[in-house]
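# Architecture and fold: a report
Chain by chain, the residues run as shown.
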Amino acid sequence: MGLGAAPAHAGYFEEGTTRASLGFGTGSFGVERYFILGPGVGFFVMDGLELELGAEIWLGADPSLFVLSPGVRYTVTQLGEFMPYVGGFYKHAFIKG
């Protein structure tokens, strides 16, 4: 890699790249315990700029919960190994039952 060249892993943040994630865990709402499944997907609309959509599905108790979370994140890839990012998101919970 020469001077000024982007690091090899900067390709993760290139325009057209897609990211998928899956998280899981447990949580509680009131006295109820839940198993939580959290899928997510992101798409880089330009180098470093990702539009993302995440969800949380709370299973195993009543009421049922579904959380939707759209967001945006910008990752600075021009600083070599140091890649800070800034972003924001919105969360909305849907409660049924």
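Now for a look at the structure at hand.

What counts and what doesn't
Residues numbered from 1 in each chain as written. Predicted model: local features only at pLDDT ≥ 70, side-chain atom pairs only at ≥ 80, totals over all residues. Heavy atoms only, no water. Core = buried A, V, L, I, M, F, W, Y, C linked by side-chain atoms within 4.5 Å. Buried < 20%, exposed > 50% of the residue type's maximum accessible area, 1.4 Å probe, protein only. Helix = DSSP H or I, 4+ residues; strand = E, 2+ residues; numbered from the N terminus. Contact = heavy atoms within 4.5 Å. Pairing = 2+ DSSP bridges. Patch = residues over 30% accessible without salt bridge, like charges linked within 9 Å, V, L, I, M, F, W, Y side chains within 5 Å. Areas by Shrake-Rupley, 256 points an atom, 1.4 Å probe, with all protein chains shown as cover. Salt bridge = Lys/Arg side-chain N within 4 Å of Asp/Glu carboxyl O.

### Points about the nonpolar core
Grouped together as the largest cluster of nonpolar side chains are six residues: Tyr34, Ile36, Trp58, Ala61, Leu65 and Val67. Breaking this core down by element, the ones donating at least two residues are strand S2 (32-46) and strand S4 (64-75). Once you skip the residues sitting within four places of it in the chain, Ile36 turns out to touch Gly23, Phe24, Gly25, Thr26, Gly27, Glu56, Ile57 and Trp58.

### Some words on the pairing of strand S1 (residues 18-29)
As paired elements, S1 and S2 share twelve bridges and run antiparallel to each other. Each bridged residue has a counterpart across the sheet, and for Leu22 the counterpart in S2 is Pro39. Taking the residues that link successive antiparallel strands as the turn, the S1-S2 hairpin has two residues, and the phi of Gly30 there is positive, at about 65 degrees.

### Describing a nonpolar patch on the surface
Together, Val41, Leu53, Phe66, Leu68 and Phe94 give the surface a local cluster of nonpolar side chains, amounting to about 390 Å² of exposed area. Given the relative accessible area of 41%, Phe94 is considered partly exposed.

### Regarding the environment of Glu15
Structurally, the position occupied by Glu15 is in the segment before S1. Separated by 30 residues in sequence, Glu15 and Val45 place their C-alpha atoms 5.3 Å apart.

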